[in-house]
Amino acid sequence: MLRILHGTNYDFIKVWRLMVVLTLAFIAIGAGMVVVRLVGKRPTVNYSIEFTGGTLMQLKFAQPPQGDELRAVLSGAGYSHAEIQEYGAPDEYTVRARLEGPQAATAQGDSSAKQIERALKAKYGSEGVTVRRGEFVGPRVGDELRRNALIAILISFAVTLVYLAVRFEWRFGVAAVIATAHDTITTIAFITMMHLEVSLTVVAAILTVIGYSLNDTIIIFDRVRENLRKQRRESLRDVLNRSINETLPRSIMTHATTLAATVSLLAFAGEVIRPFSWVMTFGIFTGTFSSIYVAGALLLWIEYRWPRAEGESKGTARALAEERRQKDVG
Amino acid sequence: MSNLRNRLLGILLLSAVAAWALFPRNRTVRQRGADGVLRESVERHVPLRLGLDLQGGMHLTLEVDESKQTVADKSEAIDRALKTVRNRIEGFGVSEPVIQKVGTDRIIVELPGMADQERARQVVQDQAFLEFKITDKTGALERVLPRLDAIIKERKLAPATASTVTPSVSRGLEGLLKAADTGKQDTSKKAGAKKDTTRADSLAASGGALSNLIQQGGMPGEYLIESSMVPRVTAFLEDSAVRAAFPPAKSLQWGTDSTAIAGKTYRMLYVLDSRAIMTGEYLTDARPNTSPLEGTIVQFELNNVGGRRFRSETGKHVNDYMAIVLDGRVMGRPPVIQSAISTNGQITMGGKDLAAAQDLALVLRAGALPVPLRVAEVRNIGPSLGQDSIDKGVRASLLALVLIVVVMVVYYKLSGLLAVTALTFYALFTLAILAFFGAVLTLPGIAGFVLSIGIAVDANVLIFERIREELDRGKTVRTAIDEGFRHAMPAIIDSNVSTILTAAVLYQYGTGPVKGFAVTLIAGIVASLVSAIFIVRTFFMVWLQRKRGLETLSI
């Protein structure tokens with residue numbers, strides 16, 4: 001039997017201060033980069049045109065364009081503010097013209113693609129450049145998408161809270177939801193650090209991360225619930241540590257198989273899906289991290305802060321009493 | 001034993017249903033064609049169609065355009081527009097188009113393999129509101145021009161440079177032609193001005209910002225504007241005060257044609273009676289054609305009611321000019337009505353080609369859009385990119401699969417192999433559920449699926465770890481397996497139910513891709529529960545059956 005991390009006895013709860021500092025530092029770096037971009041008057045979040053509205057074109061050239069050639073052609077066509085980016089290969093580029101200011105109000109931007117294409121074909125000839133992908137999104141669509149995605153996430157949190165309150169206890173629910181919110185925040189910090197393009201696919205990735213992290217936390221909490229039912233003289237802290245240790249091989253194994261999938265996507269699935277793959281790769285890491293280091297410590301803190309009433313949940317009450325007794329002895 | 005046989009039968013049945021759901025088959029579809037006749041056609045129905053990003057094509061989102069007028073009941077308007085758009089697309093000859101209402105105020109149109117996006121957009125978006133109007137012969141514009149000039153001056157609409165522009169004396173078409181002939185601009189200009197009718201004189205006399213730009217055309221109600229001045233004139237005419245000052249019984253409409261006189265091009269502007277003598281709603285047929293004299297034309301036919309009305313109206317207007325107005329544009333130059341017209345008529349397309357005539361005929365036949373639509377979103381993906389994405393998706397999936405198999409088999413040995421075998425069923429079930437929901441395979445969908453394979457083994461990992469714990473406690477192989485499955489259950493149920501709940505919320509409140517993602521997630525969870533719990537359990541039972549008295553488990 002090949003085993004990793006079997007029969008471990010790490011004190012995960014003990015290092016909670018360090019983990020809080022690490023997490024906050026990570027989020028602070030992400031926030032710091034937003035501030036730096038704000039000061040430099042650059043876009044803080046790299047929203048895709050699905051959200052900002054605008055025109056996106058993916059171009060393939062017969063010959064890789066030289067230096068600032070492409071920029072010059074676009075400026076000539078009146079798109080000096082367009083963003084130009086190499087896309088995976090030296091002969092492939094994306095051009096992005098976001099809707100801005102008065103243009104956004106009139107929403108006549110859907111002819112941009114045609115104008116840009118005409119200018120490019122004039123310069124490179126009709127064989128020299130092909131438009132592999134073109135997108136235009138009006139301004140209203142983006143706002144709505146952003147709002148809907150946010151509403152969906154918040155409602156799913158509420159539903160999870162209720163389910164866990166029914167199946168476990170509200171304290172478990174709150175701890176799980178906060179741990180999951182932690183993952184959402186660190187993932188967003190990661191996205192700003194990498195300046196990844198936030199498209200609907202990336203939103204879907206964030207949602208997957210939420211699902212994955214919740215899953216991970218619930219499996220540990222399930223073990224906590226089970227261990228609390230056993231008649232052991234053990235403090236709540238020890239129960240939590242034991243439960244995390246017992247489920248550790250599973251946490252790592254599932255992380256490994258999921259990582260295998262995200263790394264494959266990162267390596268082979270190409271540019272279009274790359275931001276999604278990055279977010280997932282980071283997200284399953286932070287999801288595993290939070291269920292091991294954050295959720296347990298948080299639950300312990302909540303149990304202290306809002307202690308249970310007399311007679312409620314015997315297992316937890318006993319564990320808490322045991323905890324106090326041990327402290328007194330110590 | 002019989003329990004085991006039932007389980008194996010169950011797996012077989014599930015697989016058969018799943019395989020059936022994924023098999024392409026022919027379906028007979030009854031559909032009303034563009035001409036209104038019900039027809040039966042056999043369609044090849046392929047489950048899990050490739051999305052546009054994989055097969056190439058065009059995606060359009062249309063919404064009600066309220067820039068000109070507000071629409072009270074958008075949902076109802078969209079319903080009616082949907083019918084028209086569908087009729088038009090069906091006449092367009094694209095295989096498996098998708099035309100759907102989304103939410104209350106949007107239509108999405110998907111045209112697989114569509115390459116000419118401008119043309120597609122036009123066919124979908126053109127409102128095709130056809131009207132026949134009589135050109136003004138009362139000199140309404142001339143009468144109101146001084147007032148319009150005054151308004152423009154008062155509201156400072158004219159740019160500062162306008163005053164420094166040498167006031168060109170407005171002349172009739174004859175004057176212009178003469179100028180071109182003689183080449184003596186200055187003298188003929190004055191001569192032309194003098195020779196002109198009182199109407200033309202009044203145009204020039206006011207000398208205002210607008211009247212300087214407008215010249216008399218060749219028929220009553222027709223005016224010429226120099227092409228470079230068109231945007232400025234448009235701006236003048238769209239001003240609210242100017243619009244209010246214009247007589248309500250008359251309307252101003254641009255023509256599609258332009259003429260070149262003396263090296264300059266001029267756009268036509270028409271003053272028309274606001275009341276239409278006929279509209280496109282009585283139209284029963286429209287066909288493109290070419291005529292040696294007029295170039296490409298669209299011939300149309302009206303129904304009996306429309307024909308009667310048309311005859312009486314045109315009878316009243318013999319010798320008047322009738323403008324054919326499509327979506328607010330006067331098509332060609334208005335012909336003179338020589339005698340009453342009844343059911344047949346034609347629209348001259350000017351210099352446009354036959355394809356344009358075909359498209360016009362198509363949109364006229366399909367009927368007008370009840371509300372103007374505007375493009376809210378366009379995506380078009382070239383076929384080469386689609387193939388590229390498929391290749392990449394397949395490569396990534398294969399690598400992921402190999403890695404997962406290696407991890408599972410190395411770590412869990414034979415049991416891992418069982419779990420991996422169950423993954424085949426997992427993949428089959430997930431795809432079948434997606435096909436059942438009519439899902440479309442997109443690149444993010446493939447990525448999600450690859451990812452779900454990694455997550456799908458989770459339930460097995462949970463169970464196997466439990467079995468190991470039970471074995472550690474010295475239980476026999478048989479009880480360890482039983483207990484392992486039993487103890488792992490609450491965790492599996494709770495974690496998956498909460499994920500399903502999350503997914504259900506996303507499905508309910510999400511839009512487009514988020515919704516698609518939710519379906520994939522739910523399908524994946526259900527399939528993974530069936531494969532990890534039911535199928536792997538059955539495998540273990542078969543294994544134990546074969547090797548009675550098994551002392552060690554390869555796990």
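The structure this text deals with has already been given above.
Concerning the overall build of chain B
Here is step 1: Within chain B one finds 17 helices and 17 strands.
Here is step 2: When each of the 555 residues of chain B is scored for burial, the buried share is 47%.
Here is step 3: In chain B, the proportion of contacts linking residues at least 24 apart, taken out of those at least 6 apart, comes to 71%.
Here is step 4: Surface summary for chain B: the accessible area is close to 26,200 Å², and the carbon and sulfur share equals 57%.

Concerning the pattern of salt bridges
Here is step 1: This model, assessed by the stated rule, comprises 46 salt bridges over all chains.
Here is step 2: Salt-bridge contacts for Glu246 of chain A lead to Arg242 of chain A; the nearest nitrogen and oxygen are separated by 3.6 Å. With Glu246 of chain A and Arg242 of chain A both in helix 9 (residues 236-268) and 4 residues apart, this pair spans about one turn of that helix.
Here is step 3: Taking the relative accessible area as the measure of exposure, Glu246 of chain A reaches 22% and is therefore partly exposed.
Here is step 4: Using a relative accessible area of 26% as the deciding quantity, one classes Arg242 of chain A as partly exposed.
Here is step 5: In this structure, the salt-bridge partner of Glu63 of chain B is Arg374 of chain B, at a minimum N-O distance of 3.3 Å.

Section: the interface of chain A and chain B
When the parts come together, some accessible area is lost, and that loss is often what is quoted as the size of the interface.
Here is step 1: Taken together, the contacts link 64 residues of chain A with 66 residues of chain B.
Here is step 2: For the pairing of chain A and chain B, the buried interface totals around 6,200 Å² over both sides, and the portion due to carbon and sulfur atoms is 63%.
Here is step 3: There are 9 salt bridges connecting chain A and chain B.
Here is step 4: In this structure, Asp472 of chain B and Arg3 of chain A form a salt bridge, with 3.0 Å as the shortest nitrogen-oxygen distance.
Here is step 5: Linking chain A with chain B are 18 residue pairs in polar contact (both at pLDDT 80 or more), by the criterion used here.
Here is step 6: Only strand 4 (129-137), helix 6 (139-167), helix 8 (200-229), helix 9 and helix 10 (274-305) of chain A provide two or more residues apiece to the side of chain A that touches chain B.
Here is step 7: When residues in the side of chain A that touches chain B are grouped by element, the largest group, 16 residues, is from helix 8 of chain A.
Here is step 8: Of the residues belonging to the side of chain A that touches chain B, the class tally is 31 nonpolar, 17 polar and 16 charged.
Here is step 9: Pairing geometry for strand 4 of chain A and strand 17 (residues 373-381) of chain B, over 5 bridges, is antiparallel.

Digging into unusual backbone geometry
All names here are of chain B.
Here is step 1: Phi is positive for Asn319, which is not a glycine, with a value near 75°.
Here is step 2: Residue position: Asn319 is located in the loop between helix 11 (304-316) and strand 14 (322-326).
Here is step 3: With a relative accessible area of 58%, Asn319 lands in the exposed category.
Here is step 4: Phi is positive for Lys413, which is not a glycine, with a value near 50°.
Here is step 5: Looking at the element boundaries, Lys413 is found in helix 13 (residues 383-436).
Here is step 6: Residue classification places Lys413 among the partly exposed positions, given a relative accessible area of 35%.

Section: the packing of aromatic side chains
When we look at a pair of aromatic rings, we describe it by the centre distance and by the angle of the planes.
Here is step 1: Evaluated as defined, the whole model comprises 25 aromatic pairs over all chains.
Here is step 2: Taking 5.2 Å as the distance between ring centres and 85° as the angle between the ring planes, the aromatic pair formed by Phe172 of chain A and Phe221 of chain A counts as edge-to-face. Within this pair, whereas Phe172 of chain A is found in helix 7 (residues 170-194), its partner Phe221 of chain A is found in helix 8, the two being separated by 49 residues in sequence. Phe221 of chain A shares its class with Phe172 of chain A; the two are buried.
Here is step 3: Geometrically, the ring pair formed by Phe464 of chain B and Phe540 of chain B is edge-to-face, given 6.0 Å between the ring centres and 85° between the ring planes.

Things to note about the packing of helix 3 (residues 74-90) of chain B against helix 4 (residues 117-125) of chain B
Residues and elements named next belong to chain B.
Here is step 1: One way to put it is that helix 3 packs onto helix 4 with a least axis distance of 9 Å and a crossing angle of 140°. With respect to helix 4, the axis of helix 3 lies oblique. Across the interface between the two elements, Val85, Arg88 and Ile89 from helix 3 touch Val123, Val124 and Gln125 from helix 4.
Here is step 2: In terms of residue class, the contact of helix 3 with helix 4 is built from 4 nonpolar, 1 polar and 1 charged.

Calculation criteria
In this numbering scheme, every chain counts its residues from 1 along its sequence in written order. Working convention: letters from A go to chains and numbers from 1 go to ligands, in the order in which they are written. Thresholds applied to this predicted model are a pLDDT of at least 70 for local features of residues and 80 or more for the giving and counting of side-chain atom pairs; totals over whole chains, interfaces and linings are not thresholded and use all residues. Excluded from the side-chain calculations are hydrogens and water; all other atoms, namely the structure's heavy atoms, are used. Every helix listed is a DSSP run of H or I at least four residues long, and every strand listed is a run of E at least two residues long, numbered separately from the N terminus. Burial classes follow relative accessibility: with a 1.4 Å probe on protein chains only, a residue under 20% of its type's maximum area counts as buried, one over 50% as exposed, and anything between as partly exposed. Only heavy atoms matter for contacts: two residues are in contact if any of them lie within 4.5 Å across the pair. Here, Shrake-Rupley sampling with a 1.4 Å probe gives the accessible areas, and only protein chains in the shown set may cover a residue. Think of a salt bridge as a Lys or Arg side-chain nitrogen and an Asp or Glu carboxyl oxygen that are within 4 Å of each other. Note: buried area is the sum, over both parts, of the accessible area (probe 1.4 Å) each one loses when the two are combined. Whenever two N or O atoms come within 3.5 Å, that pair is a polar contact, provided that in protein one can donate a hydrogen and the other can accept it, and provided that, for residues adjacent in sequence, both atoms are side-chain atoms. When residues are sorted by character, Ala, Val, Leu, Ile, Met, Phe, Trp, Tyr, Cys and Pro go into the nonpolar class, Asp, Glu, Lys and Arg into the charged class, and all the rest, Gly among them, into the polar class. When DSSP finds at least two bridges between two strands, those strands are taken to pair. Any pair of Phe, Tyr and Trp rings, taking the six-membered ring for Trp, is counted once the centres come within 6.5 Å. Such a pair is stacked with planes under 30 degrees apart, edge-to-face with planes over 60 apart, and tilted for the rest. Where helices are involved, their axes are fitted lines through C-alpha atoms of the stretch in contact, as for all axes, and angles between N-to-C directions lie from 0 to 180°. When an angle is under 35 degrees it counts as roughly parallel; over 145 it counts as roughly antiparallel; between 65 and 115 it counts as roughly perpendicular; any other value is oblique.

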